[in-house]
Amino acid sequence: MPSSPKTLYEQELDRLYDDISLPAKQYMLIRQSKRFMEQYYSQRIELNDLAKAAFMSRFHYARVFKLLYGVTPRNYLRDMRIAKAKELLKSGYSITDACLEVGYESLATFSTTFKKSTGYSPREFQSLHKTL
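Residues numbered from 1 in each chain as written. Predicted model: local features only at pLDDT ≥ 70, side-chain atom pairs only at ≥ 80, totals over all residues. Heavy atoms only, no water.

What follows covers the packing of aromatic side chains. If you walk through the whole model with that rule in mind, you get seven aromatic pairs. For the ring pair Tyr61 and Phe65, a centre distance of 6.0 Å and an interplane angle of 45° mean the geometry is tilted. On the criterion of helical spacing, the pair formed by Tyr61 and Phe65 is a turn pair, its members being four residues apart in helix H4 (residues 58–69). For the pair shown, Tyr61 and Phe65 are each scored as buried. (Phe/Tyr/Trp six-rings, centres within 6.5 Å; stacked < 30°, edge-to-face > 60°. Helix = DSSP H or I, 4+ residues; strand = E, 2+ residues; numbered from the N terminus. Buried < 20%, exposed > 50% of the residue type's maximum accessible area, 1.4 Å probe, protein only.)

Right, dumping it as structure tokens:
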């Protein structure tokens, strides 16, 4: 059975892989750690743990992740959490519930990060997207 054609994203990852000539095992481990972040974004995720699972130092891990995806692991996780929080706020979640749901333990940290990322406070964003 033939495999489905690769998406543009997968083609670009393959091109990057060829350009930086990363050992296949490291490449696979970085991709697995990204999937792990996508699946468990609401839990506490430490850079040291991701790096250890990929058998790399935290500095090498962050460098390779950025080479592959264009952002650091920390920024990738932050952006993903903020995107999920935006969805939750649009669907009617309270700010506190959205904050906790996406993995922030502090409402103040969440609000500051949200504002830096979107240009709006969570309350302003919620007001803008309130459905009547």
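On we go from here.
Looking at the protein chain, pLDDT values average 88 and 91% of them are 70 or higher. Here helix H1 (residues 8–20) stands out as the least confident element of the protein chain, with mean pLDDT 71; helix H7 (residues 107–118) is the most confident, with 96. (pLDDT = per-residue confidence, 0-100.)

What follows is about helix H5 (residues 73–90). Over its 18 residues, H5 runs 26 Å from end to end, which matches the ideal 26 Å to within 8%, given 1.5 Å per residue. Buried-residue contacts for H5 involve helix H2 (24–39), helix H3 (47–53), H4, helix H6 (95–101), H7 and helix H8 (122–128). Looking at the residues trailing H5, positive phi occurs at Gly92, about 105°. (Expected span 1.5 Å × (residues − 1). Contact = heavy atoms within 4.5 Å.)

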